[in-house]
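Structural overview
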Amino acid sequence: MAGPIPQDITQLTDAQLDALMNLGSPRGVRNNNPGNVEDGDFAKGLPGYAGSDGRFAIFDTPENGKNANLRLLQRYGETGRNTVAKVIADWAPSTENDTAAYVARVSQQLGVEPDAPLNLSDPAVQSALYDAIHGVENGQSADDISMVDDAELNRIAFGAAGTEDDPIDLATIAREDAAALVRGMWVRGPDGTVYALPSDPTEGVAKAGDEPQSPGVLVRPQSVAEDMAKSLPTGVVEGITGAVGLPGSLAQMVGAGPQLFGPSGEQLNEGIRQGLGRDYYQPQTVPGEYARTVGEFLPGAFTPGGVGTKIASALVPALTSETAGQGARMLNGGQEGSMGEGIARMAGGFAGGLGVGGVTAIRGGADNVLNSAARGVTPEQLAMAAALRARSPVPLTNAEALQQVTGGGTGLGRVQRVVEGATSRLAPTMAERPNAVNAAIANVLDQISPSVPGPQVAGQAQEAAGGVLNTMRQRVNESADPFYGRLPGQTLAPDDLATLQANPSYRLASDQLMGDPELAALVSGGPEDLSTVNRVIQQLDTMEGQARPGVMNPTGNNTLASQREQAASLARQLAGDASPDFATARQTVATGREAFVEPLRRGPIGAIAGQSEVQPNLAGQTQALFPSQPFEGQAAETTQALRLMNEVDPNVAGPLVRQHLARSAAEANQSNVGGANAFGGAKFAAQTFGNPIQNETIMGAVDTAAPMASRDLRDLVEALQATGQREAGGSNTSFNNELIGQMRGGNAANAAAQSITNPMGIPGRIAGSIDDWTARRNADALADLLLANSDEFSARLTRAINRPRGANRFRTGVAVAAGQED
């Protein structure tokens, strides 16, 4: 990634100059990429990525380069490449490396077998493997780990040495890592007990006071948490058998013949107990008995409603039932299974079911819907939503605006979806939405730039980008002019001159130079004069370019071009040896190009300038400026490129930005089979501005190209994001039913009756007759409120949220829209 361009070569830091001139260092060190991670999408997505040397990635600092190598090792571990052999097979394939020797060296340095599993999620293991790879790739090592002993390897792998004074904590390592421990290692159990391993540590964990179950291996006794966890599935089984055997149980209670109604729940349970034997778990503690009873009532979690209703429908009756049973048992002297205990458990379950039914039943009316969906909304948020609607170029509903300013923090988006399905009041506004979106986008595009044909924009952009590069090259060359100016009078040694004149390419370039009257006039010395040699080198460079094959030179010859390049390189070497001024001039040009020209060439400027001159590609140009997966710092790079091109041609930046946004909008707003794309605007905002780096990049580009359009573009994006708060129809069925129930009204008596007549079913489920007329009326009222002016909506919503809730409105504000009960 190119950074800001210094305006003077003296602004380079010492570190930059050292990196540029340190040509003798290994490639990995020179690139700040010791492991030689290849350039590509993976490397480009990492912090500090600074470009490519043609194959391998370059990073801006050694630290970022090391982190990139460590992240690649972590990815290897995540994808199953977790041994030295597997890592090196991909890192250094045998097609271009002695992979076997590589594996042997790294394994030896780590002190592990090539196929031994490595925990590559452990930073210490990553670092050790990185050091070994660093040494192979660059002929050096960050640390000498060849003398690491077993205790140090244990510290790398497990965080402790495995000795008596530094035991491995079993609670901090994974089970598979525990299985790798061997006899003699010292470990610490959960309670702090320290002991040496006699056998497989996964057989048990030591605990104070435990008795050994086998030589030296200790097991953990049953805990309350484990008892509850094992008792819960037992309760689920007994709940199912109780429901299936309910007719038989009732017949048994009244003395009817069981053959007419099938086995009772207890008879079914007994059959399962006998079949499973010891595997049929029974609670060992009172908390375990509560967990079993919760399992029996878990079918109540399938009640309609939010998460709170579902939890309460299973948990509340279970707790009241078990508490009543425990109380009856205490009154009976601790004797289990008495008839009184059974009656108490049933009565407790009924009471809990009635309570949940009463809480969830009493709902109804548009105000209840608003209360449930928007509780917690503040006056400040209402004011922000009103301001958003006022400045939005696209008409928004009150629900969409409030959802946008709260970050989706209310249930009004789902309310609007249900209301849209229940009434046609919102249909005209929603049908006009695609046209309104397209008109708003077109208005902003016209502010950014007039419409210019794509081929014309592409041609102008390529010329401007080429002009930027040429200008920067010229500045770099000018910085070396003082050194070149001292060359006249400085000469080559006779032997060196003879070597050059014996080279056919050099001799041909010299002849062409002196044979051209215009070029010959620039020569002020003899053939041995370094100013003359420099002119011949320039002529060789020109001749090399003329020989290279290309679109405009299909008959070029690479061999001839290479010979001329070699001749120029020989001349530069001999001239540099003969004159410090020549060497300094050449180094100044090389350093300047690396610091100023190359960052531009590797970025958007280079991508745009380097396209085919025959038919520049506008799509490729906009992709270079606005990549679909931008990296950190993309905004600075894009705005810099647009600014520099605009300095060459003021009519380039605006049309480029417009073309990108117009194309993105057209793709997002493609019509569906059934008609216009109702969510195209939201899709455009999400795909083009949804990524924070994308948003920063495009907003910075508009600020550069057309600052007067920035405010309107920001308002448009926020409005389009708000249209995405509208939910598509046909989803979230349970919420639809819940909300429609609110609009129709509820009946607490029916809910209570269902809890009593179906105690093993779904206590708390709202029952009652459906008043369709009331539902339609409330849906119309809600639709009108969603379209009402902001002041009217705010007043009605505030009144609904703050209204008193007395005995006749018990818990009416259940937070259905949030999926939770109050």
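What you see as residue numbers is a count from 1 along each chain, following the sequence as written. Side-chain atom pairs in this predicted model are given and counted only at pLDDT of 80 or more, local residue features only at pLDDT of at least 70, and totals for whole chains, interfaces and linings cover all residues. Calculated side-chain values reflect all of the structure's heavy atoms, with hydrogen atoms and water omitted.

Time to look at the overall build of the protein chain. A run of H or I in DSSP counts as a helix once it spans at least four residues, and a run of E counts as a strand once it spans at least two, with each numbered from the N terminus. Helices and strands together make up the secondary structure of the protein chain, namely 39 helices and 7 strands. A 1.4 Å probe rolled over the protein chains alone gives each residue an accessible area, and that area as a share of the maximum for its type sets the label: buried under 20%, exposed over 50%, partly exposed in between. The buried share of the protein chain, taken over its 822 residues, is 43%. For the protein chain, long-range pairs separated by at least 24 residues make up 64% of all intrachain contacts whose partners lie at least 6 apart in sequence. All accessible-area figures derive from a Shrake-Rupley calculation using a 1.4 Å probe, and residue coverage is judged against the displayed protein chains alone. Within the structure as shown, the protein chain displays about 40,200 Å² of accessible surface, and the carbon and sulfur contribution to it stands at 53%. Any two residues having at least one pair of non-hydrogen atoms within 4.5 Å are treated as being in contact.

A word on the pattern of salt bridges. Note on definitions: salt bridges are taken to be side-chain nitrogens of Lys or Arg within 4 Å of carboxyl oxygens of Asp or Glu. What the rule picks out here adds up to 19 salt bridges. Among the salt bridges present, the one from Arg 71 reaches Glu 78, with a minimum N-O distance of 3.9 Å. Using a relative accessible area of 30% as the deciding quantity, one classes Arg 71 as partly exposed. Among the salt bridges present, the one from Arg 602 reaches Glu 594, with a minimum N-O distance of 3.7 Å. What makes Arg 602 partly exposed here is its relative accessible area of 36%. A cluster of three or more residues bridged by salt bridges with shared partners is formed by Arg 391, Arg 711, Asp 715 and Glu 718.

It is worth spelling out the environment of Arg 548 at this point. Within the secondary structure layout, Arg 548 lies in the loop between α26 (530-547) and α27 (558-578). Here Arg 548 falls in the partly exposed class, since its relative accessible area comes to 27%. Taking C-alpha positions, Arg 548 is 5.8 Å from Ala 561, a pair spaced 13 residues apart along the chain. Non-local contacts of Arg 548, meaning those with residues more than four positions away in its chain, are made with Asn 553, Gly 556, Asn 558, Ala 561, Ser 562 and Glu 565. Nitrogen and oxygen atoms within 3.5 Å of one another constitute a polar contact, given that in protein one can donate a hydrogen and the other can accept it, and given that sequence-neighbouring residues count only through two side-chain atoms. Separated by 3.3 Å, the side chains of Arg 548 and Asn 558 make a polar contact.

Ring pairs shown here join Phe, Tyr and Trp side chains whose ring centres sit within 6.5 Å, with only the six-membered ring taken for Trp; geometry is labelled stacked below 30 degrees between planes, edge-to-face above 60, and tilted in between. Within the structure shown, the criterion is met by 4 aromatic pairs. Considering the side-chain rings of Tyr 49 and Phe 59, the 6.4 Å spacing of their centres and the 80° angle between planes classify their relative orientation as edge-to-face. In this pair, Tyr 49 is assigned in strand β1 (residues 49-52) and Phe 59 in strand β2 (residues 57-59), connecting sequence segments 10 residues apart. Using a relative accessible area of 14% as the deciding quantity, one classes Tyr 49 as buried. Classification of Phe 59 by relative accessible area gives buried; the value is 1%.

Moving on, we get to the sheet that holds strand β3 (residues 168-169). As summarised here, the arrangement of the 3 strands in space is β3-β4-β5, forming an open sheet in which the pairing is mixed. Of all strands in the sheet, those with a lone pairing partner are β3 and β5 (194-196), marking the two edges. Bridging between strand β4 (residues 186-188) and β5 involves 3 bridges; their strand directions are antiparallel. What sits directly across from Arg 188, in β5, is Val 194. For two strands to count as paired, DSSP must find a minimum of two bridges between them.

So, on to the packing of α26 against α27. Where α26 meets α27, the axes come as close as 8 Å, and the angle between the chain directions of the two elements is 160°. Taken together, the axis directions place α26 and α27 in an arrangement best described as roughly antiparallel. Considering the relative orientation of α26 and α27, their crossing is left-handed. Contacts between α26 and α27 involve Leu 530, Val 533, Ile 537, Leu 540, Asp 541, Met 543, Glu 544 and Ala 547 from the first element and Asn 558, Leu 560, Ala 561, Arg 564, Glu 565, Ala 567, Ala 568, Ala 571, Arg 572 and Ala 575 from the second. Residues are grouped as follows: Ala, Val, Leu, Ile, Met, Phe, Trp, Tyr, Cys and Pro are nonpolar; Asp, Glu, Lys and Arg are charged; every other residue, Gly included, is polar. Grouping the constituent residues of the contact of α26 with α27 by class yields 12 nonpolar, 1 polar and 5 charged. Axes here refer to lines fitted to C-alpha atoms; in helices the fit is confined to the stretch in contact. Angles between the N-to-C directions go from 0 to 180 degrees. Note on angle classes: values under 35 degrees are labelled roughly parallel, values over 145 roughly antiparallel, values of 65 to 115 roughly perpendicular, and the remainder oblique. Note on convention: near helix rotated counterclockwise from far helix by under a right angle means a left-handed crossing. Clockwise means right-handed.

Although it is not a glycine, Asn 32 sits at a positive phi angle of roughly 55°. Topologically, Asn 32 is positioned in the loop between α2 (27-30) and α3 (41-44). You can call Asn 32 buried: its relative accessible area is 17%. You will see that Asn 36, though not glycine, has its phi angle at about 55°, which is positive. Here Asn 36 lies in the loop between α2 and α3. By relative accessible area, which is 13% here, Asn 36 ends up buried.

It is at 10 Å that the axes of helix α17 (residues 379-391) and helix α39 (residues 790-802) come closest, and there the two elements cross at 155°. In terms of axis orientation, α17 runs roughly antiparallel to α39. Of the two possible hands of crossing, α17 and α39 adopt the one that is right-handed. Across from Leu 382, Ala 386 and Arg 389 in α17, the residues of α39 making contact are Ser 790, Phe 793, Ser 794, Leu 797 and Thr 798. The class makeup of the residues in the contact of α17 with α39 is 4 nonpolar, 3 polar and 1 charged.

The next subject is the nonpolar core. By nonpolar core is meant a set of buried Ala, Val, Leu, Ile, Met, Phe, Trp, Tyr and Cys residues that side-chain atoms within 4.5 Å join together. Ranked by internal contacts, the top residues of the largest apolar core, which has 76 residues, are Met 645, Leu 656 and Val 657. Of all the elements, helix α22 (residues 454-484) adds the most residues to this core, at 11 residues. Setting aside residues no more than four positions away along its own chain, Val 657 makes contact with Ile 448, Phe 626, Leu 642, Ala 701, Val 702 and Ala 705. Among the nonpolar cores identified, the runner-up in size contains 29 residues, and Phe 42, Phe 59, Leu 73 and Leu 110 belong to it.

Note that Lys 66 resides in helix α4 (residues 62-78). In this structure the C-alpha to C-alpha distance between Lys 66 and Tyr 130, which are 64 residues apart in sequence, comes to 8.2 Å.

The pLDDT value tells you how sure the predictor is about a given residue, anywhere from 0 up to 100. On average, residues of the protein chain score 75 in pLDDT, and 72% of them are at 70 or above. Confidence drops under pLDDT 50 across residues 199-221; counting only partners more than four residues distant or on other chains, this segment forms 45 contacts.

Strand direction decides the pairing type here: β1 and β2, joined by 3 bridges, are antiparallel. Pairing of Ser 52 across the sheet is with Ala 57, part of β2. Hairpin connection from β1 to β2: 4 residues lie between these consecutive antiparallel strands, with Gly 54 at a positive phi of about 115°.

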